[in-house]
Amino acid sequence: MHYNIQRPLVEMKKAFSGYKIGSPRTRETYYFVITLIIKDFFYLKHYFDSFYSVRLEHVQVLMKHWEKKSLSNVTIGSRLSILRKYLAILKHDINLPTNVELGLSRKKVISGPPEAIDMNKLFQTVKHPLTQLILKLQICFGLTKEEAVKFKIQLYPGNNKVLYVSKLVSYNNKDRLIRIYSAEQELILTQLLDEIGLHPSLSEKYSKAALMNFYHAELGLYEFSSKTSFRATYARNTFDYLVHQKMLSHDEAITQIAQEMGLPQTKTIKKWLSHE
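Cut-off values and rules
Residues numbered from 1 in each chain as written. Predicted model: local features only at pLDDT ≥ 70, side-chain atom pairs only at ≥ 80, totals over all residues. Heavy atoms only, no water. Helix = DSSP H or I, 4+ residues; strand = E, 2+ residues; numbered from the N terminus. Rg over C-alpha atoms; globule rule 2.2 N^0.38 Å. Buried < 20%, exposed > 50% of the residue type's maximum accessible area, 1.4 Å probe, protein only. Contact = heavy atoms within 4.5 Å. Areas by Shrake-Rupley, 256 points an atom, 1.4 Å probe, with all protein chains shown as cover. Lys, Arg positive; Asp, Glu negative; His and termini not counted. Charge placed at Lys NZ, Arg CZ, Asp CG, Glu CD. Core = buried A, V, L, I, M, F, W, Y, C linked by side-chain atoms within 4.5 Å. Axes fitted to C-alpha atoms, helices over the stretch in contact; angles between N-to-C directions. Nonpolar A, V, L, I, M, F, W, Y, C, P; charged D, E, K, R; others polar. Salt bridge = Lys/Arg side-chain N within 4 Å of Asp/Glu carboxyl O. Phe/Tyr/Trp six-rings, centres within 6.5 Å; stacked < 30°, edge-to-face > 60°. Lys NZ or Arg CZ within 6 Å of the ring centre and 35° of its normal. Parallel < 35°, antiparallel > 145°, perpendicular 65-115°, else oblique. pLDDT = per-residue confidence, 0-100. Expected span 1.5 Å × (residues − 1).

Draft legend 1. Summary view of the overall build of the chain. Per the secondary structure count, the chain includes 13 helices and two strands. Its C-alpha atoms give the chain a radius of gyration of 20 Å, within 12% of the compact-globule value 19 Å for 276 residues. Taking the principal axes of its C-alpha atoms as reference, the chain extends roughly 60 × 40 × 40 Å. Buried positions account for 47% of the 276 residues belonging to the chain. In the chain, once contacts between residues fewer than 6 apart in sequence are set aside, the share between residues at least 24 apart is 61%. Of the accessible surface of the chain, which amounts to about 14,600 Å², a share of 53% is contributed by carbon and sulfur atoms. Taking the 39 positively charged and 25 negatively charged side chains of the chain as two groups, their mean positions are separated by 2 Å.

Laid out in structure tokens, this is it:
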């Protein structure tokens, strides 16, 4: 039988066209991730004309493929979350386990800072969307918590995969650029846009002092230290991506991460990566 990858792609477009899934940016991310999943299935020689042919064992093979590509648990979990949404839209129940059941919580690591914590536990515990946004901007974009509340979504001219952080936002009063590497980052930007509406940033919609007080209080309520350097997770995940996916040398990757995080020296990055 002759299979054509265009058929499941057309099926996807038809399914999403009749379902409201948020902002245009969110829809673009969903299209991107499901298209990537379909292409990966065909790369793995699981050919089909309709997604209804996909079974749990096929998803398990797909996950092993992603693991071999050294994708982080965060990225794999994000893709599977979108896959679950797509399966629900199709009403195709293959009983895909939750991310926790699949063992996608980040492995505990030993690093320089003593405050390394389980990120999966963090987001299961901290519920308020504002606190979650401030955390996500640190973990997935390498921002400080103060930068996160002042952060304005500004794409670098001519490149929609690079964000511009102005010196008015940057903690060291210097302009810098942050690259967009993943669909998860796109989702977070969509969540931020949905939250701030017509306002430029969280701190211009809400009081900065109130945001920080609430952030510290909620983390303290659940016994997480607000002094934790959550952005260290960004350094580790981005280092893995640059070395394994972009084939940069260790030194090149560390230098690029330091520039994106606004760090004048690389010793802090090396300390965060000391467990690698």
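Draft legend 2. Focus on the environment of Ile139. Structurally, the position occupied by Ile139 is in helix H6 (residues 129–141). Since its relative accessible area comes to 7%, Ile139 is described here as buried. Residues contacting Ile139, with those up to four places away along its chain left out, are Met119, Leu122, Phe123, Phe230, Thr233 and Tyr234.

Draft legend 3. Fine view of the nonpolar core. Membership of the largest hydrophobic core comes to 47 residues, with the highest contact counts inside it found for Leu122, Phe141 and Ile269. Among the elements that take part in this core, H6 stands out by supplying eight residues, more than any other. One finds Ile37, Phe51, Leu80 and Leu87 within the second-largest nonpolar core, a separate group that totals 33 residues.

Draft legend 4. Expanded view of the packing of H6 against helix H11 (residues 231–244). Closest axis-to-axis distance for the H6/H11 pair is 6 Å, and the angle between their directions is 35°. Packed against H6, whose contacting residues are Gln138, Ile139, Cys140 and Phe141, the element H11 presents Arg231, Thr233 and Tyr234 at the interface. Looking at the contact of H6 with H11 residue by residue, the classes come out as four nonpolar, two polar and one charged.

Draft legend 5. Structural view of the pattern of salt bridges. A full pass over the atoms with the stated rule returns seven salt bridges. A salt bridge links Glu195 to Lys205; the shortest N-O distance between them is 3.8 Å. With Glu195 in helix H8 (residues 183–196) and Lys205 in helix H9 (residues 202–205), the pair connects residues that are 10 residues apart, well separated along the chain. The buried category is assigned to Glu195, whose relative accessible area is 17%. By relative accessible area, Lys205 is classed as partly exposed at 34%.

Draft legend 6. Inspection of the packing of aromatic side chains at higher detail. The final tally for this structure, using the stated rule, is 11 aromatic pairs. Members of the aromatic cluster, joined through ring pairs, are Phe16, Tyr30, Tyr31, Phe41, Phe42, Tyr47, Phe48, Phe51 and Tyr86. The ring of Trp66 is capped by Arg79, whose NZ or CZ atom sits 5.1 Å from the centre of that ring.

Draft legend 7. Layout of the packing of helix H2 (residues 24–43) against helix H3 (residues 56–68). At a minimum axis separation of 10 Å, H2 and H3 run at an interaxial angle of 95°. In terms of axis orientation, H2 runs roughly perpendicular to H3. Contacts from Leu36, Ile37, Asp40, Phe41 and Tyr43 in H2 reach His58, Val59, Leu62, His65 and Trp66 in H3. Class assignment of the residues belonging to the contact of H2 with H3 gives a composition of seven nonpolar, two polar and one charged.

Draft legend 8. Focus on the confidence of the model for the chain. Scored by pLDDT, the chain has a mean of 86; 93% of the residues are at 70 or more. Confidence drops under a pLDDT of 50 for residues 106–115, and excluding neighbours within four residues, the segment shows 21 contacts in the predicted structure.

Draft legend 9. Molecular detail of H8. For H8, which comprises 14 residues, the first-to-last C-alpha distance of 20 Å matches the rise-based estimate of 20 Å (1.5 Å per residue) to within 8%. Burial analysis of H8 places 11 of its 14 residues in the buried class, the great majority of the element. Ala183, Glu184, Gln185, Glu186, Leu187, Ile188, Leu189, Thr190, Leu192, Glu195 and Ile196 are the residues of H8 that are buried.

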